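Fold and contact review
Each chain is listed here by its residues.
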Amino acid sequence: MPTQALTQYERERLENIRRNGEMMAALKLQHKANELSTAAKRPRQEIKSFNNDLEKKKPKIEAPIVIRRSLRSRGLPPDSSTAAGLEDDLLPSPGRFNSQSSPQGFPVDRSGPLAVKEAHSGGADDRLLLDTILCMSENAPLCPAKKFKEGTASGLNLESLTLKEENVARVVRGRILNVRFLPSGDRTVVIVGDKLGNVGFWDVDRKEGEGDGIYVYSPHSAPVSGISVQPYSLCKIFTSCYDGFLRLMDVGEEKFNVVYSGDEAIFSLSQLSSESGSLYFCEGRGGFKIWDLKTGKASSSFSLHTDRINSIDFNPANTNLVATSSTDGTACIWDLRSIRKGAPKSVSTITHKKAVHSAYFSPSGNYLATTSVDNTVGLASGANFADTTMISHYNQTSRWISSFRAIWGWDDSYIFLGNMKRAVDVISTIDRTTISLVSSHMTAIPTRFAAHPLTVGALAGATAGGQVYLWTSV
DNA sequence: TATTGAATTATGCAC
DNA sequence: GTGCATCCATTCAATA
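Note that the structure is a prediction, hence the values are computed from the model and not measured. (Residues numbered from 1 in each chain as written. Chains lettered and ligands numbered in written order. Predicted model: local features only at pLDDT ≥ 70, side-chain atom pairs only at ≥ 80, totals over all residues. Heavy atoms only, no water.)

Take the overall build of chain A next. Check the secondary structure of chain A and you find five helices and 33 strands. Here chain A, with 474 residues, has 55% of them falling under the buried criterion. For chain A, restricting intrachain contacts to residue pairs at least 6 apart in sequence, the fraction spanning at least 24 positions comes to 53%. Roughly 20700 Å² of accessible area belongs to chain A as shown, and the carbon and sulfur atoms make up 52% of that amount. (Helix = DSSP H or I, 4+ residues; strand = E, 2+ residues; numbered from the N terminus. Buried < 20%, exposed > 50% of the residue type's maximum accessible area, 1.4 Å probe, protein only. Contact = heavy atoms within 4.5 Å. Areas by Shrake-Rupley, 256 points an atom, 1.4 Å probe, with all protein chains shown as cover.)

This part takes up the packing of aromatic side chains. Summed over all chains, the structure comprises ten aromatic pairs. With a centroid separation of 5.9 Å and 85 degrees between ring planes, the pair formed by Phe201 and Tyr217 is classed as edge-to-face. With a gap of 16 residues between them, Phe201 in strand E9 (residues 199–203) and Tyr217 in strand E10 (residues 214–217) connect regions that are remote in the sequence. For Phe201, a relative accessible area of 0% puts it in the buried group. Judged by its relative accessible area of 0%, Tyr217 is buried. Geometrically, the ring pair formed by Trp410 and Phe416 is edge-to-face, given 5.9 Å between the ring centres and 70 degrees between the ring planes. The burial state of Trp410 is the same as that of Phe416; both residues are buried. Among the aromatic residues, those joined into a ring-pair cluster are Phe201, Tyr217 and Phe256. (Phe/Tyr/Trp six-rings, centres within 6.5 Å; stacked < 30°, edge-to-face > 60°.)

What follows covers the nonpolar core. Within the largest apolar cluster, 29 residues are counted, with the highest numbers of intra-cluster contacts made by Leu161, Ile415, Phe416, Val424, Leu459, Tyr469 and Trp471. Looking at this core, the elements that each hand over two or more residues are strand E6 (161–170), strand E25 (376–381), strand E27 (407–408), strand E28 (414–419), strand E29 (423–428) and strand E33 (467–473). Each residue touching Ile415, except ones within four places of it in the same chain, is listed here: Ala369, Leu379, Ala406, Ile407, Trp408, Asp425, Val426, Ile427 and Thr429. Ranked by size, the runner-up nonpolar core spans 23 residues in total, among them Leu129, Ile191, Val251 and Phe256. (Core = buried A, V, L, I, M, F, W, Y, C linked by side-chain atoms within 4.5 Å.)

Here we come to the confidence of the model for chain A. Mean pLDDT for chain A: 79, with 74% of residues reaching 70 or above. Confidence drops under pLDDT 50 across residues 51–105; counting only partners more than four residues distant or on other chains, this segment forms 126 contacts. The model gives residues 145–151 a pLDDT under 50, and that stretch makes 18 contacts with residues more than four places away or in other chains. (pLDDT = per-residue confidence, 0-100.)

With that settled, consider the sheet that holds strand E15 (residues 266–270). As summarised here, the arrangement of the four strands in space is E15-E16-E17-E18, forming an open sheet in which the pairing is antiparallel. The open sheet has two edge strands with one neighbour each: E15 and strand E18 (297–303). Across this sheet, the average inter-strand angle for adjacent strands is 20 degrees, counted without regard to direction. Here E15 pairs with strand E16 (residues 278–283) via four bridges, running antiparallel. The partner of Ser270 across the bridge, within E16, is Tyr280. (Pairing = 2+ DSSP bridges. Axes fitted to C-alpha atoms, helices over the stretch in contact; angles between N-to-C directions.)

Feature annotation in UniProt places "repeat: WD" (unreviewed entry) on residues 302–338, given in this structure's numbering. Secondary structure across residues 302–338 divides into 0% helix and 54% strand, with the first and last C-alpha atoms of the span separated by 12 Å. (UniProt positions renumbered as here; feature names shortened; annotations may be inferred.)

This part is about the protein's contact with DNA strand C. Near DNA strand C you find twelve residues, and of these Lys195, Arg308, Thr327, Lys354 and Ala355 are the closest. Restricting attention to atoms of DNA strand C within 4 Å of the protein, one finds that 66% of them are sugar or phosphate atoms. Contact between DNA strand C and Arg308: a phosphate oxygen at 2.3 Å from a side-chain N or O atom of the residue. When grouped by side-chain class, the residues that make up the surface near DNA strand C number four nonpolar, two polar and six charged. (Near = heavy atom within 4 Å. Polar contact = N/O pair within 3.5 Å; in protein donor to acceptor, adjacent residues only side chain to side chain. Nonpolar A, V, L, I, M, F, W, Y, C, P; charged D, E, K, R; others polar.)

Turning our attention to the pairing of E29. Burial analysis of E29 places six of its six residues in the buried class, the great majority of the element. Burial along E29 is two-sided: Ala423, Asp425 and Ile427 facing one way and Val424, Val426 and Ser428 facing the other are all buried. Pairing of E28 with E29 involves six bridges; the strand directions are antiparallel. Pairing of Asn419 across the sheet is with Ala423, part of E29. Between the antiparallel neighbours E28 and E29 lie three residues, among them Arg422 with a positive phi of about 60 degrees. In this sheet, strand E30 (residues 434–437) lies alongside E29 in antiparallel orientation, the contact comprising four bridges. Looking at E30, one finds that Ile427 is bridged to Thr434. Two successive antiparallel strands, E29 and E30, enclose a turn made up of five residues, where Arg432 displays a positive phi of approximately 60 degrees.

So, on to the sheet that holds E29. Taken in spatial order, the four strands of this open sheet run E27-E28-E29-E30, and their pairing is antiparallel. Taken across any chain shown, the strands that pair with only one partner, and hence form the sheet edges, are E27 and E30.

Once that is clear, we can look at the pattern of salt bridges. It is possible for side chains of opposite charge to pair when their charged atoms get near one another. Inspection of every chain in the model, using the stated rule, returns eight salt bridges. Across the salt bridge formed by Glu210 and Arg187, the nearest N and O atoms sit 3.0 Å from each other. One end of the pair, Glu210, is in the loop between E9 and E10; the other, Arg187, is in the loop between strand E7 (176–181) and strand E8 (189–194), and 23 residues separate them in sequence. With its nearest N and O atoms 3.6 Å apart, the salt bridge here joins Asp250 to Lys236. Taken together, the residues span a long stretch of sequence, with Asp250 in strand E13 (residues 245–250) and Lys236 in strand E12 (residues 236–241) at a distance of 14 residues. Judged by relative accessible area, Asp250 falls into the buried class, the value being 8%. (Salt bridge = Lys/Arg side-chain N within 4 Å of Asp/Glu carboxyl O.)

The structure is reproduced here in C-alpha cells:
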C-alpha cells in the first residue's frame, strides 16, 4: 500500500485499525471457536429476525468504529493534503481503511461506490426487495415524502392503536438511530439505520411465501445518523453516517453511491418534500450544509450552533423556515432567505437547560416540538414561535439507549415519544396530558419513531436491540 | 476554555 | 432464570 500517498489523518486511522485488529485477533480466536461450535443451535427469539446465515459464514473481522474528527477539533495543524485525501475517498481503492468483510469473506471497500450486492449482509435474497421497491416506485411516481394532509384533522382514535404480534421484527443487530417509512400507500416498508452502519429494510406487507421480509445492507462503517427518501422517487434513498459519508442507495442502479465525503461526522440529514435538488445536513460541531446534488458541491455552509446538531426539520407551511436542535441546549428556527454567514441570527430560539435532541414542526407548521434531556418536551407556537411551554417528561435514557425524540402524528393534536417503562407516550397538545400505550409484545424501550406519511395510525418505534414495533390503527 | 475522567445501566446472548 | 459483555453516548464535574 502506498502509505506515502496518505494524509497524516489516514495514516493515524490505519495505525489505529491495525492496533485494534491485533487486539481483536487475540480476543476473537477463542470467541470464534465458541461461535462456530454454537452457531448451529440458535433460535431462542420467537420474533422474526434477519437470517444471519451470511453473518455466520463470514469471518468476523470487525472494523473499529472510526468517527471522523477534523484536524482542528483534534488540535492538529492543518494538513495541506487533506483536500487531495478527500478526493481520494471518492475513488475505489481496495484494501484501504474502511474495509470490512463481505458475505463472501472478501474485504469490502467502503471508501467508494458499493454495489448493493456487495453491501448486502443479512436477510433473504434481496432480489424480491429491489423489485418490490421498483414496483412501488412505478405505481406511485408522484408521491412526495410529506406528511398526511398537512394540518387537517386525521381522525385518529388513540384507542384504536394496537401492536399486533406479527408487527414486531428484529430488523438489524445494532442500536437503531433512525427509522423511516417508504412513502407509499401501496405497501408498508420500514427502513432503519443502526449504530453498526447497517441499513435494514422490513417489507411488512409481503405476501405469503415471500419469507420474513427482512433485508440488511452494510453500506457504512459507523452509526447511521440519517435516512431520507428522495421526494418523488422511492428508489433513491439517502443515508448519512458518523463516518463522514453521505450515500445514495439507488435501487434501479443497484448501487450505494458516495454523494459526499467529509472530514467530520454527519449527525443529521434532511430534504425538502417539495424539492429534490438539494440535501441538508449537519456535521461536526454546529456545521450546516446545503448540498447541491446536480453540481456535487455545497451551495451554502453555515456554522449555526456551538455543538452538534441533532435534527433538521422544515416547516411544511413555509419551507423557508428550518428548525435545528443541538447539544448546545438550544433549538433554533432559521429563515433560509436571510441566514448570514458570519453571525447567523435565528428567527426564534428555544432554550433548554440541557441538550436538545429534536425539534420538529407540526403537520400544519403552527407548532414546534422539542425534546431535551432536561426532562421536558417544549411546545412553541404563535408569532415567530415565541410562545413556549414546557411539558414535563422523563427523558433520561441510559448509556445503551438512544435519546428520545418526540415526533408528530398525522395532525397537530398528538406528539409521540418513548418511555423508559417500555411504552409509547402520547402527549395531547390540546390539554397537555400524557397517556402511555403499552403492549406485552413491546419487550424493549422504543426510542426513535416514524409516523407513516400516508397511512394514519401506522407508527413505527425502534429500539436499541434492533427491533421495530409497528403500531397500527384498526 | 479545553481536556479528562467518572458515572450512568438496557439489552442480547450464552448457558 | 442468571450472569456477562457491550464500550467510542452523553453529561457533568474536576482539573490544567
